[in-house]
Amino acid sequence: MTSSSTERPGHRLLRWLRLGANHVLVLMMGTMFVSFILQIGFRYASSKPLAWTDEVCVLMWLWGILWGASFVMSNRDDIRFDVLTGHVPRPVKRVLTVIVSAAIVAILLVSLPASWSYISFMKVEDSAALGIRMDFFFSIYIAFVVAMVVRHAWLGIEALRGRLFDDEPAMEPVKEAA
């Protein structure tokens, strides 16, 4: 990776945002783990289970999965079914990438108003133990949809320009700033 002094400001900002997203995901997974251990401890050691730990685990799991897919995962980390595309010539692979990316963008954009409506409607419900509004609980899905639209639009545009995500070398792990 290039040194910080020669790196373009946009790349530095993206690297910093990705590092921050990684830290947020680690905090979510840590919170879920601590809640889970508390749940086990109180259930089996004191025979007094805690209701709130179950909600925290579910919230952190949901947010962790969608946050990670939206802001942490790279295209190389994504699961792809390349049985067909792995055996076709590069120009065909580019066309398939454009078609699939366009389909994903279209489906997600068509689903966005209904998703927004449902999540907005959920403000009338609260979680049982913590009283968290359910619209907050599910709001990460909107960020996920927007991130996937941007990612797949970018993949399709890059394929039109002749580049596939396989062309790029694997990214180095994100490192702490010194």
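(A) Looking closely at the overall build of the chain. When helices and strands are tallied, the chain shows five helices and zero strands. Its helices and strands in sequence order give the chain the pattern α-α-α-α-α, from N to C terminus. Sequence-distant contacts in the chain: of pairs separated by 6 or more residues, those separated by 24 or more amount to 73%. Of the accessible surface of the chain, which amounts to about 11,900 Å², a share of 71% is contributed by carbon and sulfur atoms.

(B) Quick peek at the nonpolar core. If you look at the biggest cluster of nonpolar residues, it comprises 24 residues, and the most contacted ones within it are Leu-59, Trp-67, Phe-137 and Phe-144. Elements with a contribution of two residues or more to this core: helix H1 (9–45), helix H2 (51–72), helix H3 (90–121), helix H4 (134–138) and helix H5 (140–160). Setting aside residues no more than four positions away along its own chain, Trp-67 makes contact with Ala-21, Val-24, Leu-25, Met-28, Val-72 and Ile-140.

(C) Region of the structure containing the pattern of salt bridges. The tally for this structure, following the rule as stated, stands at three salt bridges. In this structure, the salt-bridge partner of Arg-133 is Asp-135, at a minimum N-O distance of 2.5 Å. Looking at Arg-133, the relative accessible area reads 42%, which means it is partly exposed. Among the ionic pairs, Glu-158 bridges to Arg-163, the shortest N-O distance being 3.4 Å. Using a relative accessible area of 39% as the deciding quantity, one classes Arg-163 as partly exposed. Taken together, the shared-partner salt bridges connect Glu-158, Arg-161 and Arg-163 into one network.

(D) Region of interest: the layout of surface pockets. In this model, the second largest pocket occupies a volume close to 510 Å³. For the second largest pocket, the lining is made up of 19 residues, of which Arg-80, Phe-81, Thr-85, Thr-97 and Phe-165 are closest to its centre. Among the secondary structure elements, those contributing two or more residues to the lining of the second largest pocket are H3 and H5. Tallying contributions element by element places H3 first for the lining of the second largest pocket, with six residues. Split by residue class, the lining of the second largest pocket holds nine nonpolar, five polar and five charged.

(E) View of H5. Here H5 spans 30 Å end to end across 21 residues, near enough to the 30 Å set by a 1.5 Å rise per residue. Gly-162 occupies a position one or two residues after H5 and carries a positive phi of about 100°.

(F) View of a nonpolar patch on the surface. Where nonpolar side chains cluster on the molecular surface, the patch consists of Phe-33, Val-34, Phe-36, Ile-37, Leu-38, Ile-40, Phe-42, Tyr-44, Trp-52 and Leu-130 and spans about 960 Å² of accessible area. Sorting elements by how many residues they give to the nonpolar patch places H1 first, with eight residues. Structurally, the position occupied by Trp-52 is in helix H2.

(G) Region of interest: unusual backbone geometry. Positive phi values are uncommon outside glycine, yet Ser-47 reaches one of about 55°. Its place among the elements puts Ser-47 in the loop between H1 and H2.

The rules behind each value
- Residues numbered from 1 in each chain as written.
- Predicted model: local features only at pLDDT ≥ 70, side-chain atom pairs only at ≥ 80, totals over all residues.
- Heavy atoms only, no water.
- Helix = DSSP H or I, 4+ residues; strand = E, 2+ residues; numbered from the N terminus.
- Contact = heavy atoms within 4.5 Å.
- Areas by Shrake-Rupley, 256 points an atom, 1.4 Å probe, with all protein chains shown as cover.
- Core = buried A, V, L, I, M, F, W, Y, C linked by side-chain atoms within 4.5 Å.
- Buried < 20%, exposed > 50% of the residue type's maximum accessible area, 1.4 Å probe, protein only.
- Salt bridge = Lys/Arg side-chain N within 4 Å of Asp/Glu carboxyl O.
- 1 Å grid on protein atoms, 1.4 Å probe; cavity = no way out; pocket = protein on both sides within 12 Å on 5 of 7 lines; lining within 4 Å.
- Points joined across faces, edges and corners; volume = space filled by probe spheres on them.
- Nonpolar A, V, L, I, M, F, W, Y, C, P; charged D, E, K, R; others polar.
- Expected span 1.5 Å × (residues − 1).
- Patch = residues over 30% accessible without salt bridge, like charges linked within 9 Å, V, L, I, M, F, W, Y side chains within 5 Å.

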